[in-house]
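Descriptive structure summary
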Amino acid sequence: MLITMIFVQAAGFLLLALSQKYHYRNLMHRAPQSSGQTAFRFAGFAALAVSVGTGLQAEGMQFGPIWWLASANVVALLVLVLSAWRAEGEPNGR
Amino acid sequence: MSAGVRQKNAWLHGWAGLLLGWLMFAIFVTGTIAFFRQEVTYWMQPELHDSDPGEPLEMARMAIDRLEHIAPDAREWQIELPSEREPQLSVSWEADGAEADSASSAFAADRARAEEAAAQANARGGRPRDPGVAVDPATGAIIHPRETAGGDFLYHFHYQLHFMSRGSGMLLVGLVTLAMFIAILSGIVTHKKIFKDFFTFRRRKGQRSWLDAHNAAAVFALPFHLMITFSGLLLIGGTLLPFSGQERNRERQGEMEQQAPTDLAAGSSLPLSKILHTAQREWSVPVGRLSFDRRANTVELSSQRNDSLFLRPGGGPGRNLTFDGTDGTLLEREDNLASDGIDRTNRAIRALHLGRFADWQLRWLYFVAGIGGTVMVATGLVLWSVKRAAKRRDALIPIGQRLAEILNIGAVAGLNLAIATYFWANRLVPAGTPNRAELEIRLFFIAWTVTYLHAAARKPQVAWVEQLMVGGGLFALLPILSFATGSLWLPSAVASGNWIVAGFDAVCLLTATVMFCAARFITRGSERDNVAQDFPIVDRSLVPAE
Amino acid sequence: MAKSVYANRREVLLRSVIGVLGGYALAALAVLLTILLLPAGGRSAEGLGQMIGFSFFGLSVILAFSVRSAKKAWMVVGLPLALLGACYTLLSGGGA
């Protein structure tokens, strides 16, 4: 259950990163389509909401939120590292 | 929010962060390590690394048998069963006024040694400790681990410092925490693109990179930073806001004075298996401690860790079960749960700070969040210097800036080096040295002082690199030092499944890597043509975009 | 940095005094008042008072340094301070 929460959370943060032009370019190495941004953002927040539910179910009302926030710290950091590292490969990246 | 307000808060953020930032960093580092304080103490007592825990029932039997030999006259016995965090079986006793030489002859020396060690530890301060020894669960051999302040030293340092009274230490830490609180709040106000820049880290952009790192470390763990700072304020609230008008009442003061030792219950007749079985049925957490009141002939079992945020968060276990010593019937179940909403909030906030409820997985995440805090403070301190360095074009360095730079180096790189020294001292100072716990602490402070002197003597860039390299080297070689001094080290710890020692060594290697990388980063930075001047020194987030 | 944000040192000093010292007084009053209003609360009233008090302190400092002028800072923090002070004097005086 906890593992599910972490993966869904990671997906959520990744989708949120993709909803931003700068990170989309970093991660995908091409220009984003303008219609995709809102969809990515919506899906990202939806995934985060699901992961909150999963966390609460796995660890309960007391420890669920603690787990969610604690793992969000690490997961968001991984997305940041991924974006910064992928940006290196792109010749015309910022 | 208007640009003016944001700019004002940036100013406040800078000064609140700088004024006590060096101490803030030390508190964050030692506090983060304190999440693993028992594990660190265990690592620092390699004598304990060889024994493997067994079945709780067998271990409790063995412990009772040993107590009957060592302290037959004691009015209280305690058995600490091995836990995830402290995998050794230990026993202790309380026998003030009684004859110490009542121990059977084979154990008299063990007892004398344990009582002297306890007296020394109590002279050092902290919560009073009963004399005790560790017992090998398999063989029943008595183990006297080397005397060390272990992780407790770092834990105590993070809220009461050292070389000063407990009261003044806590007051100083309280002031730092207030500054931290202000720095966090103003930091939130001043950070304009908190969501837009959420995942952004731009490499090799000089000051911009430092700011990105600072923001990421601050924002990702923002709930943690707010929680740890606010709860920290509450935990020393009595020192900062001493207006409660009531004295803290010392418990157990009256009940200590009792009659002469008569009729001490024998441990061997205890229906242990029934008692442990009942405890398992009553609780969802394992048993931590068994306390025997040998006059009343009762046994009190305490839970290993809390399973609710509303239990008493520290200063004793949250759940207790008291059994009759003769027939093993459950006499009393005590759960120190909060009574009302205010109390619940109060306890939950404190419990979150102490994190004693956390299992090992969550503990690691706490540790990572704490590292986030140290990175936040360190990058904040460095940013201040980088900004100043970029602003001045001439060679003239104002004395204040030079001082700030020296303090930066000693506080950030120097502290890490000093902690490495503390661990090195633990392996190198012979186990039997008198007062060796104090000696380890002294060596820590000597090393830390030297780093400030070194920073004052060398050019900043050079001092940073040298201290990071030396500190990193000390951390990198620590596992090898363990091996050389005959202790468990990373490979053998992994092979024998000792994850505490393995984890400690792995963190040392990781710390070393980070320190080497930082040194390389600084070297590269100085080789390129004054990086800072290539990029606008004015913090872009402070300037209105319109 | 300081020159562009605040007019002069006097400005900074005035804001610091009301923000930090005023904020601290506000926090102290919050603790005293909470204990006064919840006499049966004991430790838990003290804890609640500290929670409110530290929040007040944080708010005071941020406000004192954020508002347009030092004069306004004194008003924004000083007014609640006077109010709470009056409350405490009245309540504690009436009780004793």
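The rules behind the values
Residues numbered from 1 in each chain as written. Chains lettered and ligands numbered in written order. Predicted model: local features only at pLDDT ≥ 70, side-chain atom pairs only at ≥ 80, totals over all residues. Heavy atoms only, no water. pLDDT = per-residue confidence, 0-100. Contact = heavy atoms within 4.5 Å. Buried < 20%, exposed > 50% of the residue type's maximum accessible area, 1.4 Å probe, protein only. Helix = DSSP H or I, 4+ residues; strand = E, 2+ residues; numbered from the N terminus. Pairing = 2+ DSSP bridges. Buried area = accessible area lost by both parts, 1.4 Å probe. Salt bridge = Lys/Arg side-chain N within 4 Å of Asp/Glu carboxyl O. Polar contact = N/O pair within 3.5 Å; in protein donor to acceptor, adjacent residues only side chain to side chain. Nonpolar A, V, L, I, M, F, W, Y, C, P; charged D, E, K, R; others polar. Core = buried A, V, L, I, M, F, W, Y, C linked by side-chain atoms within 4.5 Å. Domains from an automatic or database assignment. Patch = residues over 30% accessible without salt bridge, like charges linked within 9 Å, V, L, I, M, F, W, Y side chains within 5 Å. Areas by Shrake-Rupley, 256 points an atom, 1.4 Å probe, with all protein chains shown as cover. Lys, Arg positive; Asp, Glu negative; His and termini not counted. Charge placed at Lys NZ, Arg CZ, Asp CG, Glu CD. Axes fitted to C-alpha atoms, helices over the stretch in contact; angles between N-to-C directions. Parallel < 35°, antiparallel > 145°, perpendicular 65-115°, else oblique. Left-handed = near helix turned anticlockwise from the far one by under 90°.

Moving on: the confidence of the model for chain B. Residues and elements named next belong to chain B. Scored by pLDDT, chain B has a mean of 87; 90% of the residues are at 70 or more. Between residues 247–261, whose pLDDT stays under 50, and residues either more than four places distant or in other chains, the model counts 11 contacts. Considering only residues more than four positions removed or in separate chains, one finds that residues 529–546, a stretch of pLDDT under 50, has 28 contacts.

Further remarks concern the pairing of strand β6 (residues 298–303) of chain B. For a regular strand, the rule is simple: side chains alternate between the two faces of the sheet. Residues and elements named next belong to chain B. With five of six residues buried, β6 is to be regarded as a mostly interior element. Sheet analysis places strand β5 (residues 287–293) next to β6, joined by six bridges and oriented antiparallel. Of the residues in β6, the one forming a bridge with D293 is T298. Between the antiparallel neighbours β5 and β6 lie four residues, among them N297 with a positive phi of about 55 degrees. Examined bridge by bridge, β6 and strand β7 (residues 319–324) share five bridges and lie antiparallel to one another. Note that in β7 the partner of S302 across the bridge is N320.

Chain C puts 31 residues into the contact, and the matching count from chain B is 32 residues. Buried area between chain C and chain B, both sides added, is near 2900 Å², and the carbon and sulfur share of it is 73%. Viewed at the interface, chain B and chain C are joined by zero salt bridges. Where chain C meets chain B, there are two residue pairs in polar contact (both at pLDDT 80 or more). Elements supplying a minimum of two residues to the side of chain C that touches chain B: α1 (2–5), α2 (9–37) and α3 (43–66) of chain C. It is α3 of chain C that contributes the most residues to the side of chain C that touches chain B, 15 residues altogether. Partitioning the side of chain C that touches chain B into residue classes produces 20 nonpolar, seven polar and four charged.

Contacts between the two partners involve 22 residues from chain A, matched on the other side by 27 residues from chain B. When the two sides are added together, the surface that chain A and chain B hide from each other amounts to roughly 2100 Å², 70% of it contributed by carbon and sulfur. Linking chain A to chain B there are zero salt bridges. No other element matches helix α3 (residues 36–89) of chain A, which puts 15 residues into the side of chain A that touches chain B. Grouping the constituent residues of the side of chain A that touches chain B by class yields 15 nonpolar, five polar and two charged.

Okay, the nonpolar core next. Note that soluble globular proteins tend to have their nonpolar side chains buried in a common cluster. Formed by 122 residues in total, the largest nonpolar core has its most connected members in F357 and F423 of chain B. Two domains share this core, each providing at least three of its residues, namely domain 1 (3–40 + 155–238 + 358–542) and domain 2 (52–145 + 263–335) of chain B. Other than its neighbours up to four places away in sequence, F357 of chain B contacts F63 and I66 of chain A together with R305, N306, L309, A351, L352, L362 and Y366 of chain B.

Now for a positive patch on the surface. On the surface, a cluster of positive charge is contributed by R203, R204, R520 and R524 of chain B. With respect to the helices and strands, R204 of chain B occurs in the loop between α7 (166–190) and α8 (207–220).

For the rest of this paragraph, the subject is the confidence of the model for chain A. Per-residue confidence for chain A gives a mean pLDDT of 90; residues scoring 70 or more make up 94%. Element-level pLDDT for chain A is lowest in helix α2 (residues 21–28) of chain A, with a mean of 90, against a maximum mean of 96 in helix α1 (residues 2–18) of chain A.

On to the arrangement of the chains, then. In this assembly, two pairs of chains are in contact, and the pair with the greatest number of contacts comprises chains B and C. One thing to see here is that chain A and chain C don't touch, and their nearest C-alpha atoms sit 20 Å from each other.

Okay, the sheet that holds strand β4 (residues 142–143) of chain B next. Residues and elements named next belong to chain B. Strand order in this open sheet of eight strands is β4-β3-β2-β1-β5-β6-β7-β8, and the pairing throughout is antiparallel. At either margin of the open sheet sits one strand with a lone partner, and together these are β4 and β8 (330–335). Across the sheet, helix α4 (residues 56–70) is in contact with β1 (76–80), β2 (89–94), β3 (132–135), β4 and β5; its angle to β1 comes to roughly 145 degrees.

The next subject is the packing of helix α9 (residues 222–235) of chain B against helix α12 (residues 341–354) of chain B. Residues and elements named next belong to chain B. Interhelical geometry of α9 versus α12 gives an angle of 115 degrees and a closest axis separation of 9 Å. Classified by the interaxial angle, the pair formed by α9 and α12 is roughly perpendicular. Judged by the twist between their axes, the crossing of α9 over α12 is left-handed. Judged by residue contacts, M227, I228, F230, S231, G232, L234 and L235 of α9 engage I349, R350, L352, H353 and L354 from α12.

The next thing to look at is a nonpolar patch on the surface. Residues and elements named next belong to chain A. Together, L14, L77, V81, L82 and W85 give the surface a local cluster of nonpolar side chains, amounting to about 440 Å² of exposed area. At four residues, α3 tops the list of elements feeding residues into the nonpolar patch. Following the sequence through the fold, V81 ends up in helix α3. A relative accessible area of 44% means that V81 is categorised as partly exposed.

Our next topic: the domain arrangement of chain B. Residues and elements named next belong to chain B. In terms of domain boundaries, chain B breaks down into domain 1 (3–40 + 155–238 + 358–542) and domain 2 (52–145 + 263–335). One C-alpha centre belongs to domain 1, the other to domain 2, and the line joining them spans 39 Å. Each partner contributes to the interface: domain 1 provides 14 residues, whereas domain 2 provides eight residues. Carbon and sulfur atoms make up 45% of the area that domain 1 and domain 2 hide from each other, which totals about 920 Å². Counting the surface domain 1 buries against domain 2, the share from its top three residues, Q38, D359 and I500, is 40%. On the surface where domain 1 and domain 2 come into contact, there are one salt bridge. The closest approach of N and O atoms between E39 and R85, which form a salt bridge, is 3.0 Å. For the interface between domain 1 and domain 2, the tally reads three residue pairs in polar contact (both at pLDDT 80 or more). Sorting the residues of the side of domain 1 that touches domain 2 by element identifies α3 (37–43), α13 (360–391) and α15 (436–457) as the ones contributing at least two each. Per-element accounting of the side of domain 1 that touches domain 2 gives the leading share, three residues, to α3. For the side of domain 1 that touches domain 2, the per-class residue count stands at six nonpolar, three polar and five charged.

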